[in-house]
Amino acid sequence: MTTTAELMDYAEVVERYDPVLGLEVHVELSTKTKMFCGCPNSFGGDPNTHVCPVCLGMPGALPVVNGTAVESAIRIGLALNCDIAQWCRFARKNYFYPDMPKNFQTSQYDEPIAFDGHLDVVLDDGEVVRVDIERAHMEEDTGKSLHVGGATGRIHGAEHSLLDYNRAGVPLIEIVTKPIAGMGERAPEVARAYVTALRDLLRAMDVSDVRMDQGSLRCDANVSLMAKGANEFGTRTETKNVNSLRSVERAVRYEMTRHAAVLADGGSIKQETRHFQEADGTTAAGRTKETAEDYRYFPEPDLVPIAPTREWVDQLRATIPEMPWQRRKRIQDDWNLTDEELRDLVNTGAVDLVAATVDAGAAQADARSWWVQYLNQAATARETELADLAITPAEVARVIALVGSGELTHKLARQVVDGVLDGEGDPDQVIEARGLKVVSDDSALLAAVDEALAAQPDVADKIRGGKVQAAGAIVGAVMKATKGQADAARVRELILERVGAA
Amino acid sequence: MSDLTRLTAAELAEKIHTGEVTAAEVTQAHLDRIAAVDGDVHAFLHVDAEGALETARAVDADLAAGRAPVSPLAGVPLALKDVLTTRGVPTTCGSKTLEGWLPPYDATVTRRLREAGVPVLGKTNMDEFAMGSSTENSAYGPTHNPWDLDRIPGGSGGGSSASLAAYEAPLAIGTDTGGSIRQPAAVTATVGVKPTYGGVSRYGLVAFSSSLDQAGPCGRTVLDAALLHEVIAGHDPMDATSIDAPVPALADAAREGARGDLNGVKVGVVRELSGDGYQGGVLRSFDAAVAQLKELGAEVVEVSCPHFGYALSAYYLIAPSECSSNLARFDAMRYGLRVADDGSHSAEEVMSLTREEGFGAEVKRRVMLGTYALSSGYYDAYYGSAQKVRTLITRDFAAAFEQVDVLVSPTTPVTPFKLGEKVDDPLAMYLNDICSIPANLAGNAAMSVPSGLSDEDGLPVGLQIMAPALADDRLYRVGAAYEAARGPVLDKLGELEAAK
Ligand SMILES: [Zn+2]
């Protein structure tokens, strides 16, 4: 089926062409109920258990707009510096597909609730790029199809299909950028940074789970190239199925190199939908339709227009949290971080996590060290995002507290964290199950060790400085204090661990 | 006991609530009447004897236990148009597409009837998905007009009105998108009311044209319609277009009107709803009705609604457009008919073949019209222009209601025609709704009340009364006054029957 596409070397691509991007991000809102009915809005569940006459499109059933979803839409619009419509309507987008119960999607068409905004995006080197927002509008999600049999896993050629309508009617906000041009070789990075910034913002606003792996944040990347000096945009392709931040960057970069090869060869780009393939980082064409789809949009007659009052919008404006990048600046000042330390924090996506860990009672240096180092390595090893690791800031704070109180050594603490990441429970459950706690005798010993170290700070510094043999003096003091009942070897271990030389 | 079927709903309610008869006896009398005459009339697609008797017995048990009736109509049976969903009871909309479908939920209207202790005798025949003016578009065969079994009972709610005229039910529910309550009422000499749009919930009303559809009451008297209207009306959080405002006192307005005093009421005769295309006997009956209103003390003036002439054209763009989208859900995937699912056809083909087989010619015609009207490049010229006309018609009404309290016209331009006479001429069929459509486009309230028999063919004629949105009570006051002065029309059918 797939043929290997010709690709142009990236350096040559950016030398000869200017890329133009357009990003469409779909965000599933984390409202309690669906967009137009009272069914629970939750991920998973046995197929067709979160359904009712409304979201199944039963004859006679009618939609009623979820007020919280409208509120979230307005807040998102405000956070993206958009104008909020004083009056807008839903429209019906008509097309037949089995996983869409009514065979029309209730969406917004030419009257979006929010429009003309921007989002400032910080790139890896600290440069700030402003991405203009065309619109943010409300719509409903479709159900899910599982096509059984056939080669492609798509409806075409399947033996039969299974339909799950649990997701049908889940509230979505679609956020569309204006064309992003002039980024040159940084275009793929800008795409990734934009989606990252959007994700951080939406998470800070607590309006969505923003889990790309679960589809609660989905990005379609439109890419076109124009020859240097040209005035008109080239033909674009729309790449779907981009399921991680890394994939956003890879997909854009791949399409740039593919387009360039086609164009340089005198060919033309076909306007089409392409699917990103995570495994090899390529894109493949979707099934092409012979005729263009005519969605026959018209205003949804089952719903009344939405006319948010100025007072309401102002109230909502007051609920918009500090922008994540502004917050970063403030954190840098508060925590006294160097630019490099802040960049490490930002690049690993640890800012919010560290802040939350600090909020949960940990010292910021400890929190930073855990997230930027050990947990960041764990995320890389597990091929996931830091934020998607199965450990919460509160759990990290608990581990830090246990180390602080001497109940865990650093080494044991890492094992506890590994257990949490492996789904064995919270830190205390992991300690219990794995029997990781420092033996109770140790806590008595530790008190004596700490006392002895405090009494001889010059010796402690020597050990810390690498003169491990200096520990003998402290061992002697501890043995004396414990009337010779301690295990000298263990005491020595504890001393080295305590000063961080173990 | 068969004379129970000749009583009005108000009379039946009184007899039941005072213990003179039981609700079960009343319900059984109507079930017997259905068994006797519905073979000829074919008003019902489904009779739910058990369900109706169960509701009736529950009302009787309540009354026997000394409790007050749950509503003024508790125990009075009713015929329900088959376009409103009934949990566990077939709902076909007159279409093969929904043959055998058992809805998992009640329409709000159905639920309110159940809560009011109204036994539902069964589901009445209709043009498929409420598209038509004669019930000839029902996939299950037409309903026959009790006045002349060879003639149409009107449509789309011909079954509901015919059931009243045939004394099979004292009350019925219809739905009115372009006249589907009022035109059948006119041609059967019964009363039908299209409430203000949003006055009665549409939840569970299988949509034909969402911005026009409105369920409403049908009865043999104005008071009966008012009592039923009060049971089904009121805000419903399940319908976003439902109006959140108190329902005016309708039965009180009917009782007030029946005293026969219309002094201080200004009535406007719509100049544009008469003239060419109107049957002579219909116009003479209308003139007589206007004279009667004057005698009752009303001040009558002529008013002009210059854009009413475009109403029919606008309607036949808006209604098909919405219907093309509303009926898209009948795709064989989740309920209803499914054909060609034999492993050799794709899902798309099964959808297409099912719709080909399940929909009748008129439904297909309107789905195609609407699909075309909404198409890219045609939207502004068709759907967009129609919406502008709609605004102009709404303004016509607003200007007219600055001058008068109600407007009047004939309900239909002609008396009921023969079955089969217009089935091959859709445009002639569409003209039946020329007087009723403006009220749907503007969303205001309208009633048809019998105005006698046409002097040339002895067939029923209806007087249409129109009121501003949310002023449904004016219909009942004027309608009841006129009804009381004019005297019963439907009784003449009894005389005709007796003479046969
Ligand atoms: Zn639902």
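Fair warning: this is a prediction, and the values are worked out from it, not measured in the lab.

K.L.:
Lay out the UniProt feature "active site" (unreviewed entry) in chain B in plain terms, naming residues and giving numbers.
P.N.:
Residue and element names in this part refer to chain B. Mapped onto the present numbering, the UniProt feature "active site" (unreviewed entry) falls on K81, S156 and S180. A compact arrangement is adopted by the annotated residues: their sequence extent is 100 residues, whereas the largest C-alpha distance between any two is 10.8 Å. Relative to the helices and strands, K81 is located in strand β2 (residues 78–81). Judged by relative accessible area, K81 falls into the buried class, the value being 0%. Not counting residues up to four positions away in its chain, the partners in contact with K81 are K123, T124, M126, A130, S156, G157, S160, I173, G174, T175 and S180. Turning to its location among the elements, S180 is positioned in the loop between β4 (171–175) and α6 (182–188). Here S180 falls in the buried class, since its relative accessible area comes to 6%. Once residues lying within four places of it in the same chain are set aside, the contact partners of S180 are K81, A130, G132, G155, S156, G157 and T175. Of note is the side chain of S180, whose polar atom sits 2.9 Å from the side chain of S156.

K.L.:
Please provide a residue-by-residue account of the coordination of the zinc ion, values included.
P.N.:
For a metal with four tetrahedral donors the ideal donor-metal-donor angle is 109.5 degrees, while six octahedral donors give ideal angles of 90 or 180 degrees. Residue and element names in this part refer to chain A. Protein coordination at the zinc ion comes from C37 (SG), C39 (SG), C52 (SG) and C55 (SG), with a distance range of 2.3 to 2.4 Å. In terms of primary sequence, the donors binding the zinc ion are separated according to C-x1-C-x12-C-x2-C. As far as burial versus exposure is concerned, C52 and C55 are alike and both buried.

K.L.:
Residue-level account of the sheet that holds strand β15 (residues 298–299) of chain A, with values.
P.N.:
All names here are of chain A. One open sheet holds the three strands; their spatial order is β4-β3-β15, and the pairing between them is antiparallel. This sheet does not close on itself; its edge strands, each paired only once, are β4 (104–107) and β15. When strand β3 (residues 91–94) meets β4, the two strands line up antiparallel, connected through four bridges. Across the sheet, residue K93 finds its bridge partner in β4, namely Q105.

K.L.:
Requested: an account of the domain arrangement of chain A, with residues and values cited.
P.N.:
Residues and elements named next belong to chain A. Considered domain by domain, chain A is made up of domain 1 (10–312), domain 2 (324–434) and domain 3 (442–498). For domain 1 versus domain 2, the distance between C-alpha centres works out to 32 Å. On the side of domain 2, eight residues touch domain 1, which itself brings eleven residues to the contact. In total, about 930 Å² of surface goes out of reach between domain 1 and domain 2, with carbon and sulfur atoms giving 51% of it. Looking only at domain 1, the three residues that lose the most surface to domain 2 are D124, D200 and R203, adding up to 35% of its buried area. Taken together, the connections running from domain 1 to domain 2 amount to two salt bridges. R211 is paired through a salt bridge with D388; the nearest N and O atoms lie 3.8 Å apart. Summed over the shared surface of domain 1 and domain 2, the number is one residue pair in polar contact (both at pLDDT 80 or more). Going through the elements one at a time, β5 (114–122) and α3 (187–205) are the ones with two or more residues in the side of domain 1 that touches domain 2. Top contributing element to the side of domain 1 that touches domain 2 by residue count: α3, with four residues. Here the side of domain 1 that touches domain 2 is built from residues that sort into four nonpolar, no polar and seven charged.

K.L.:
A description of the nonpolar core should follow, citing residues and the corresponding values.
P.N.:
Membership of the largest hydrophobic core comes to 135 residues, with the highest contact counts inside it found for B:L113, B:F129 and B:Y476. In terms of residue count, the dominant contributor to this core is helix α10 (residues 311–326) of chain B (eight residues). Not counting the four nearest positions on each side in its chain, B:L113 is found in contact with B:L78, B:L80, B:V118, B:I173, B:L228, B:V231 and B:I232. In terms of nonpolar packing, the next biggest core, distinct from the first, is built from 73 residues, A:M8, A:V13, A:L245 and A:A260 among them.

K.L.:
Residue-level account of the layout of surface pockets, with values.
P.N.:
All names here are of chain A. Of the volumes computed, that of the second largest pocket is approximately 1300 Å³. When contributions to the lining of the second largest pocket are tallied by element, the ones reaching two or more residues are β5, α3, α4 (245–264), α6 (324–335), α7 (339–347), α8 (351–359) and α9 (364–381). A per-element tally of the lining of the second largest pocket places α3 first, with eight residues. Looking at the lining of the second largest pocket residue by residue, the class counts come to 18 nonpolar, eleven polar and 20 charged. Two domains share the lining of the second largest pocket, each providing at least three of its residues, namely domain 1 (10–312) and domain 2 (324–434).

K.L.:
Please provide a residue-by-residue account of the environment of A:L29, values included.
P.N.:
Residues and elements named next belong to chain A. With respect to the helices, strands and loops of the structure, L29 is situated in the loop between β1 (17–28) and α2 (67–79). Residues L29 and A69 lie 40 residues apart in sequence; the distance between their C-alpha atoms is 7.0 Å. Among residues more than four places away in sequence, those in contact with L29 are N41, A69, S72, I76, P171, I173, V207 and S208.

K.L.:
Tell me about empty space enclosed by the protein, and name the residues and values.
P.N.:
Residues and elements named next belong to chain A. One pass over the structure, following the stated rule, counts five cavities of 30 Å³ or more. Contributing to the lining of the largest cavity are 22 residues, with F36, V54, C55, K102 and E140 lying nearest its centre. Within the lining of the largest cavity, the residues separate by chemical class into eleven nonpolar, four polar and seven charged. Computed from the structure, the second largest cavity encloses a volume of approximately 120 Å³. When the residues that make up the lining of the second largest cavity are grouped by side-chain class, the tally is eight nonpolar, six polar and one charged.

K.L.:
Which residues make up the state of the cysteines, and what values do they have?
P.N.:
In total, this model carries zero disulfides over all chains according to the counting rule given. The thiol sulfur of B:C323 is not disulfide-bonded, and the nearest other cysteine sulfur, from B:C93, lies at 12 Å.

K.L.:
An account of the interface of chain A and chain B is requested, with residue identities and associated values reported.
P.N.:
Contacts between the two partners involve 33 residues from chain A, matched on the other side by 39 residues from chain B. Across the interface of chain A and chain B, roughly 2700 Å² is buried in total on both sides, 61% from carbon and sulfur atoms. Looking only at chain A, the three residues that lose the most surface to chain B are A:P59, A:L62 and A:R296, adding up to 22% of its buried area. Linking chain A with chain B are one salt bridge, by the criterion used here. Among the ionic pairs, B:R202 bridges to A:D302, the shortest N-O distance being 3.1 Å. The interface formed by chain A and chain B contains 17 residue pairs in polar contact (both at pLDDT 80 or more). For the side of chain A that touches chain B, the secondary-structure elements that each account for two or more residues are β3 and β15 of chain A. The residue makeup of the side of chain A that touches chain B, split by class, is 24 nonpolar, four polar and five charged.

K.L.:
An account of the pattern of salt bridges is needed here, citing residue identities and associated values.
P.N.:
Pairs may arise between side chains of opposite charge once their charged atoms sit close together. This model, assessed by the stated rule, comprises 56 salt bridges over all chains. A salt bridge links A:R167 to A:D141; the shortest N-O distance between them is 3.4 Å. Of this pair, A:R167 sits in the loop between β8 (160–164) and β9 (171–177) while A:D141 is found in the loop between β6 (128–140) and β7 (144–148), placing the two residues 26 residues apart along the sequence. For A:R167, a relative accessible area of 22% corresponds to the partly exposed category. Judged by relative accessible area, which is 5%, A:D141 ranks as buried. Overlapping salt bridges bring together A:R92, A:E300, A:D302, B:R202 and B:D239 as one network.

Here is what the cut-offs are and how they apply
Residues numbered from 1 in each chain as written. Chains lettered and ligands numbered in written order. Predicted model: local features only at pLDDT ≥ 70, side-chain atom pairs only at ≥ 80, totals over all residues. Heavy atoms only, no water. UniProt positions renumbered as here; feature names shortened; annotations may be inferred. Helix = DSSP H or I, 4+ residues; strand = E, 2+ residues; numbered from the N terminus. Buried < 20%, exposed > 50% of the residue type's maximum accessible area, 1.4 Å probe, protein only. Contact = heavy atoms within 4.5 Å. Polar contact = N/O pair within 3.5 Å; in protein donor to acceptor, adjacent residues only side chain to side chain. Donors = N, O, S within 2.8 Å, 3.2 Å for Na, K, Ca; no water. Pairing = 2+ DSSP bridges. Domains from an automatic or database assignment. Buried area = accessible area lost by both parts, 1.4 Å probe. Salt bridge = Lys/Arg side-chain N within 4 Å of Asp/Glu carboxyl O. Nonpolar A, V, L, I, M, F, W, Y, C, P; charged D, E, K, R; others polar. Core = buried A, V, L, I, M, F, W, Y, C linked by side-chain atoms within 4.5 Å. 1 Å grid on protein atoms, 1.4 Å probe; cavity = no way out; pocket = protein on both sides within 12 Å on 5 of 7 lines; lining within 4 Å. Points joined across faces, edges and corners; volume = space filled by probe spheres on them. Disulfide = S-S within 2.5 Å.

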